[in-house]
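# Inside the fold
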Amino acid sequence: YKRITPAIRLFLPVKAYQSYRALQQINDNNFKEELMSNTNSKTIFVQVIERPTRKCLLTRAKTAHKYFKYSEEAGCDVWNVLLSVKEALYEPVGMWLPKNLIPAGTSEYVQGVELPLNYDKPIPAGYELITLPPCTMMVFQGEPYDDEKFCEAIGEVWDHLETFKPELYGYKWAPEAAPRFQLAPIGSRGYIEARPVEKV
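The text that follows walks through the structure, step by step, so that each part is easy to find. (Residues numbered from 1 in each chain as written. Predicted model: local features only at pLDDT ≥ 70, side-chain atom pairs only at ≥ 80, totals over all residues. Heavy atoms only, no water.)

## Overview of the overall build of the chain
Along the chain, the regular secondary structure elements total five helices and nine strands. The secondary structure elements of the chain, listed N-terminal to C-terminal, are α-α-β-β-α-α-β-β-β-β-α-β-β-β. For the chain, the share of sequence-separated contacts (at least 6 apart) that also reach a separation of at least 24 residues comes to 80%. Within the structure as shown, the chain displays about 11,300 Å² of accessible surface, and the carbon and sulfur contribution to it stands at 54%. (Helix = DSSP H or I, 4+ residues; strand = E, 2+ residues; numbered from the N terminus. Contact = heavy atoms within 4.5 Å. Areas by Shrake-Rupley, 256 points an atom, 1.4 Å probe, with all protein chains shown as cover.)

## Brief notes about the nonpolar core
The biggest cluster of nonpolar side chains holds 17 residues, and the ones touching the most others in it are Cys56, Leu58, Met95, Met137 and Phe181. The set of elements that each furnish at least two residues to this core consists of β2 (54–60), β3 (93–96), β5 (128–132), β6 (135–141) and β9 (192–199). The greatest single-element share of this core, amounting to three residues, is contributed by β6. Excluding anything up to four places from it in sequence, leucine 58 contacts Met95, Val110, Gln111, Gly112, Tyr127, Glu128 and Ile130. (Core = buried A, V, L, I, M, F, W, Y, C linked by side-chain atoms within 4.5 Å. Buried < 20%, exposed > 50% of the residue type's maximum accessible area, 1.4 Å probe, protein only.)

## Section: the pattern of salt bridges
By the definition in use, this model includes eight salt bridges. Across the pair arginine 54 and glutamate 114 runs a salt bridge, and its minimum N-O distance is 3.2 Å. Placement of arginine 54 in strand β2 and of glutamate 114 in strand β4 (residues 109–115) is noted, with a sequence separation of 60 residues between them. Here the two residues arginine 54 and glutamate 114 agree in accessibility, since each one is buried. Glutamate 193 serves as the salt-bridge partner of arginine 180, at 2.7 Å between the closest nitrogen and oxygen. Placement of arginine 180 in strand β8 (residues 180–182) and of glutamate 193 in strand β9 is noted, with a sequence separation of 13 residues between them. On the basis of relative accessibility, which here comes to 0%, the residue glutamate 193 falls in the buried class. In this structure, a network of salt bridges that share partners links the residues Arg51, Arg54 and Glu114. (Salt bridge = Lys/Arg side-chain N within 4 Å of Asp/Glu carboxyl O.)

## Overview of the layout of surface pockets
One way to see where empty space is left: roll a probe the size of a water molecule over the atoms. Quantified by volume, the second largest pocket comes out at close to 240 Å³. Residue lining of the second largest pocket: Trp96, Leu97, Pro98, Lys99, Ile102, Glu108, Trp173, Pro175, Glu176, Arg180, Arg195 and Pro196, and that is the complete set. Class assignment for the residues of the lining of the second largest pocket results in seven nonpolar, no polar and five charged. (1 Å grid on protein atoms, 1.4 Å probe; cavity = no way out; pocket = protein on both sides within 12 Å on 5 of 7 lines; lining within 4 Å. Points joined across faces, edges and corners; volume = space filled by probe spheres on them. Nonpolar A, V, L, I, M, F, W, Y, C, P; charged D, E, K, R; others polar.)

## Focus: empty space enclosed by the protein
A full pass over the atoms with the stated rule returns one cavity of 30 Å³ or more. Of the voids in this model, the largest cavity is the one considered here, and its volume is about 30 Å³. Around the largest cavity, the lining residues are Arg51, Arg54, Met95, Glu114, Cys135, Met137, Pro179 and Phe181. For the lining of the largest cavity, the per-class residue count stands at five nonpolar, no polar and three charged.

## Observations regarding the environment of alanine 153
Looking at where alanine 153 falls in the secondary structure, it is placed in helix α5 (residues 150–163). Sequence-wise, alanine 153 and tyrosine 191 are 38 residues apart; in three dimensions their C-alpha atoms are separated by 6.2 Å. Once residues lying within four places of it in the same chain are set aside, the contact partners of alanine 153 are Tyr145 and Tyr191.

## Quick look at helix α3 (residues 67–74)
Considered for burial, the residues of α3 that qualify are Phe68, Tyr70 and Ser71. Axial view of α3: buried residues confined to an arc of 160°, hence all on one face. Just past α3, the residue glycine 75 takes up positive phi, approximately 90°. (Arc of directions from axis to C-beta.)

## Remarks on the environment of leucine 89
With respect to the helices and strands, leucine 89 occurs in the loop between α4 (78–83) and β3. A C-alpha to C-alpha distance of 5.6 Å links leucine 89 and glutamate 114, two positions 25 residues apart in sequence. When near neighbours in sequence (up to four residues on either side) are disregarded, leucine 89 contacts Arg54, Glu114, Leu115 and Pro116.

## Here we look at α5
A rise of 1.5 Å per residue sets the reference length of α5, with its 14 residues, at 20 Å; its end C-alpha atoms lie 21 Å apart and thus fit the reference within 8%. Listed in full, the buried residues belonging to α5 are Phe150, Cys151, Ala153, Ile154, Gly155, Glu156, Val157 and Leu161. (Expected span 1.5 Å × (residues − 1).)

Okay, here's the thing in structure tokens:
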């Protein structure tokens, strides 16, 4: 293991597992109601980043379009496997894939981690390695929030994205250029989501 260091399933603490099970209890209707109930305007920080050509280690579900359904289909071990990849360029992310990266019978939403092009470690069973082209991403970061209010925090960013016009800054949305992604919702840093753009 020390010589090869493959991606492995890490120990899942009991507290984290209990939190995961509790999140599963939230149904889509309640989740949507919490998102829609947000009426307070909050500051959203926006930046543009460039991503080079890179590889991505991911695992797919069958029909998932968002996190909760994905967790039901793929299980709760995926994140820990992705966290164990020490060559990762960034932390693991949840991604909405563009149509050209979705094989028939697989989900739009996946979880993965971006890797250098020369990554050549063994691929865990049930995972695959794909290549992502260079792209420009516009990153949106909400204000810090209490962890139990993560639905509201996500809703604030999504509400902002509904009316945001990247053309004002010389860009346009480019949904087929790269996966849209979200970072793990951590209250101390705010909810973070990124969408691909192209210069106008």
